[in-house]
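Spelled out from the first residue to the last, the chains are:
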Amino acid sequence: MAETQGILMPLIQSECQILKNYRDRGGYEAAKKALSMTPDEVIQEVQASNLRGLGGAGFPTGRKWAFVPKNSPKPVYLVVNCDESEPGTFKDKYIITKATHALIEGIIIASYAIGAHTAYIYIRGEYVRQAEVLEQAIQEAYDNGILGKKVLGKDYALDVYVHRGAGAYICGEETALLESLEGKKGWPRMKPPFPAIEGLFRCPTIVNNVETLSYVPFIIKNGARWFAEMGTERSGGMRLYCVSGHVNKPGVYELPVTTTLREIIYEHAGGVPGNKKIKAVVPGGSSSPPLRPEELDVPAEFDALMKLGTMAGSGGIIVMDEDTCLLEILTVTTHFYHHESCGQCTPCREGTGWMDKILHRMLHGEGRIEDVDHLEEIANGIMGNTICPLGDAAAMPVLGYLKRFREEFESHALYKKCFDGEFAELKAAS
Amino acid sequence: MPTITIDGKELTVDEGKTVIQAAEEAGIYIPRYCYHPGLRIVGQCRICLVEIEKMPKLQVACYTRVQDGMVVHVNSEKAKRARQQVLEFLLVNHPIDCPVCDQAGECYLQEYYMQFGLYDPKMIEDKNKKHKAVPVGPHVMLDSERCILCTRCVRFCDEISKTSELGVFNRGDRSELLPYPGKTLDNPYSANVVDICPVGALTERDFRFKVRVWYLDETKSVCPGCATGCNIEIHTSKARPYKNEGRRIARLKPRYNPEVNDYWICDYGRYGFLFVDDDSRIQQPLVQKDGQFNEVEWDNALYMIHGVLNQALENGKSVRILGSPQMSNEDLYALKRFGNEVLEIHDIPVTVKPLEKPYSDDFLIREDKNPNTRGAALLGFDTDHAATEKLLADCRNGGVHSLIIFHHDLFKGFAAEDVRSALDKVETVIFVGSNMQPTAELATYILPACTWAEKDGTFTNHAGRVQKFDAAVDPLENSLPEWKILRRLAKQFGHAFAYFEAEDVFRDMAKKVPAFAGMSYRALGDRGMVINENGRPSQQAEVKEELTVVSK
Ligand SMILES: Cc1cc2nc3c(=O)[nH]c(=O)nc-3n(C[C@H](O)[C@H](O)[C@H](O)COP(=O)(O)O)c2cc1C
Ligand code: SF4
Ligand code: SF4
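As the structure is a prediction and not an experimental result, all values here were calculated from the model. (Residues numbered from 1 in each chain as written. Chains lettered and ligands numbered in written order. Predicted model: local features only at pLDDT ≥ 70, side-chain atom pairs only at ≥ 80, totals over all residues. Heavy atoms only, no water.)

1. Some words on the overall build of chain A
Reasoning step 1: Helix and strand counts for chain A come out as 18 helices and 8 strands.
Reasoning step 2: Scaling as 2.2 N^0.38, a compact globule of 430 residues should have a C-alpha radius of gyration of about 22 Å, and chain A matches this with 22 Å.
Reasoning step 3: For chain A, the spread of C-alpha atoms along the three principal axes comes to 80 × 45 × 40 Å.
Reasoning step 4: Within chain A, the proportion of its 430 residues that are buried is 62%.
Reasoning step 5: At a minimum sequence separation of 6, the contacts of chain A that also span at least 24 residues come to 69%.
Reasoning step 6: When the accessible surface of chain A is split by element, carbon and sulfur atoms take 53% of a total near 15800 Å².
Reasoning step 7: Across chain A, 45 positive and 55 negative side-chain charges occur, with their mean positions spaced 4 Å apart. (Helix = DSSP H or I, 4+ residues; strand = E, 2+ residues; numbered from the N terminus. Rg over C-alpha atoms; globule rule 2.2 N^0.38 Å. Buried < 20%, exposed > 50% of the residue type's maximum accessible area, 1.4 Å probe, protein only. Contact = heavy atoms within 4.5 Å. Areas by Shrake-Rupley, 256 points an atom, 1.4 Å probe, with all protein chains shown as cover. Lys, Arg positive; Asp, Glu negative; His and termini not counted. Charge placed at Lys NZ, Arg CZ, Asp CG, Glu CD.)

2. Details of the interface of chain A and chain B
Reasoning step 1: Taken together, the 38 residues of chain A in the interface contact 37 residues of chain B.
Reasoning step 2: At the boundary of chain A with chain B, total buried surface from both sides reaches about 2900 Å², with 52% on carbon and sulfur atoms.
Reasoning step 3: Sorting the residues of chain A by area buried against chain B places A:Met190, A:Trp354 and A:Lys357 first, and these three jointly supply 23% of that buried surface.
Reasoning step 4: One can count 4 salt bridges joining chain A with chain B. (Buried area = accessible area lost by both parts, 1.4 Å probe. Salt bridge = Lys/Arg side-chain N within 4 Å of Asp/Glu carboxyl O.)

3. What to know about the packing of helix 4 (residues 39-48) of chain A against helix 7 (residues 100-114) of chain A
Residues and elements named next belong to chain A.
Reasoning step 1: The contact between helix 4 and helix 7 brings their axes to 7 Å, and the two run at 120°. When the axis of helix 4 is compared with that of helix 7, the two are oblique. At the point where helix 4 passes helix 7, the crossing takes the left-handed sense. For the pair formed by helix 4 and helix 7, the contact residues are Pro39, Val42 and Ile43 on the first element and Ile109, Tyr112 and Ala113 on the second.
Reasoning step 2: A breakdown of the residues in the contact of helix 4 with helix 7 according to their chemical character gives 6 nonpolar, no polar and no charged. (Axes fitted to C-alpha atoms, helices over the stretch in contact; angles between N-to-C directions. Parallel < 35°, antiparallel > 145°, perpendicular 65-115°, else oblique. Left-handed = near helix turned anticlockwise from the far one by under 90°. Nonpolar A, V, L, I, M, F, W, Y, C, P; charged D, E, K, R; others polar.)

4. Looking at the pattern of salt bridges
Reasoning step 1: Enumeration according to the criterion identifies 70 salt bridges over all chains in this entry.
Reasoning step 2: Where A:Arg225 meets A:Glu229, a salt bridge forms, and the shortest distance between an N and an O atom there is 3.0 Å. Residue A:Arg225 and its partner A:Glu229 are located together in helix 11 (residues 224-229), separated by 4 residues, close to a single helical turn. A:Glu229 carries the same exposure label as A:Arg225, and that label is exposed.
Reasoning step 3: Taking the shortest distance from any N to any O, the salt bridge between B:Asp143 and B:Lys132 comes out at 2.9 Å.

Coordinates in, geometry out; function isn't part of it.
Here it is, written out as structure tokens:
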């Protein structure tokens, strides 16, 4: 955490899990303002800010809120996704432990906007200490009239509950999360209906990521325009980038979404140790296809990265230097998705395990050249054919690494070693 | 109503239908594993992926609802390839142990593989190991390596039997179908999971390893186990009964009837056929002499019985009959005629209420364990237990010279000394039935009736639905349907019942009994018909209500 600039970072650095610290920085003024607006005005403001879902999918937040049926006879719920499990992603935990009250304020505003009086925070099971901090902050908010029957003294009631998960990555997928919250096995649901129409307990529900909600108070406080202007035409603001791998200063950086990957890696994260060259960069969590070093001048933003066939996802940037074995990387990545597949639908259940076995075999020096094509075929059989996007998340890295770094895998299949540049001759000679 | 195009065929279908249903109506079968029309739709197996124009991804036909103007390609290259790959995925960890699998021949992995499999296996890795040959309940065996995790069985136990014994445990390709800890698959409907399991993961413990399914013949029938009259198929192994412990009937399977039992039957009904090939079957007419039963020819037996009855009548002695709601409408109609026209008996009781109240529920299983009580009532038999009680009292008072008992074991409905004291006073007891039992042993004459599986006929279920069943196997040895026995006995008395087939009896009955007016074997079809309004109009309303409950 090197930066003091930004929106959430200054809060994270000043212990805003404590109410007084947050209040000293103008905390809960935005919620008061929102409660004096109509819910529709709040939604419009968020829509105009171009805030997009920072859990990974990048769906425009205001637009999602607007899907909730007006005057629903059923209760409406807000569910906060704090399952944070995508490898390479570790931002939400800072918000939960250090900017806790910003999240709570965001929850109040979002709940008010969608007409919810109950919000659940679903936090991954491994976040034990983080859940405790969160509970304490929520208690403090209740004790100070910020939550409960009369939120901030206004005629609006809101209860917030923390629910700890049991450690399944799939429970970060919003419909699996809802199943889990209902006490069932975390199996994603078929869509439609979407959660905004039929979510938790079959009632209208909005699921948002921790970080997404934590920006909401500042959009209300400073105006949609202020937030939108920091970003591009279709994505507003800043976001928290999690930089890991071969960089000198790994950590969380809050930067405008217009910042390029190269800037993030070299200007903020201190470049690559030993001045080594970069071999590959994963831009948005382990499921996003990697980029080659010559492609890094792209803004780390949803639409720009999508054009390159990859994703901004959860903001998890993983840097790999020239000595990295990409077969090893793809094997651990695939192993993760294999391990985490819920097993509900056939292509993901069987395909992830099959790819994992092939990759492990290759890693143990028993690869065959036909394995490379075959991996691609399996991944194509999963891609787009499953119930939830975990199947895609497992297929995309395989397709992505093979598309941009095929020689690495062919080299392992043919010569049982990483590609070292001499490949072309060897292959020609073989 | 939306108009859609499926593989070039344009059709108009009902709003709310799914693509798989619409295609089926158009005669296009889309493969399915998890989809079952009787269960909640979950879209898990992905074998029904189809291409729909203007949609970027392939869609599962089971879950996608039709929309006006939708253009569906079931057999585009993309859709075909995706389904082929799903099948390939399903076989990745499958043990492919077809040679020792009971499901072979009716397995949908085999079926689809023959249709569109890869025929070029690429899988060379080690397969995952799971539990094999686990008895999960009294009737069902699980091989979880063969399970394709379609969750049909899980949903059956959640939604239909509402007993929730099964679940999918663990994650990913380690997922395994198992009973919940401490639970066994023991509910009155448990074996239905075997029928709906598309593969060899769940097999019947009774049927396992007895006979290969391609040796089986199938006959449409109706379960005789209770007044619901669930529609069934009788699967017989006629050529190789020795493979099946001498049994000609290998198994019963439910047959779809939305008006009665949907896709299901209960376990009591399913395993209630064992009496058909049981050692206790009566195979020849028997005459008791000094405590010994001796076999006689039919003609001799009927001649002797005629002699006894005729003499009794001539001497002004009382001859009485106890019919049975186990008998078909045809049998009962012949009995009614025999009673009325030959013996001039008009009050014939049929019901013996069991001493112990039988199990029943609010789904399929009814307390009345007879398939045709309603039919008996419509034909004018007395279905009140009290009538049978009175008949026994008359016997006890010495007022009955001869008594013809059909099927009943009176000891099941009356105290032993009450039965003995009554039958002791009867000069001649004639028993007509299929299996030897304590009441039969008290008879002087025993006539072998065949079972429902061995004859054509109809039952009228509790709701007044008249349903046809066909003979699946020949009558055992010299047994005969009751209507034939009665025809031959009537002939002894000089009465000609001009019936050659069960259908002849039915035709006559439909002509004479208003409740059955307009019915014929052909008209009954596979789903039966509800009795005519002028039969018992007051019960008609109740009938309809009950039907909707059953078909839910
Ligand atoms: C397999 C899988 C795992 C996911 N895990 C998370 C997660 O840990 N946290 C999260 O916020 N969103 C996660 N998501 C995205 C959620 O489904 C959902 O899009 C998000 O919570 C919506 O919030 P947002 O619009 O604020 O991003 C995951 C999605 C998938 C498919
Ligand atoms: S894609 Fe994978 S994780 Fe998602 S529902 Fe299917 S099996 Fe489960
Ligand atoms: S046991 Fe059969 S019905 Fe049950 S999930 Fe497995 S394949 Fe499906």
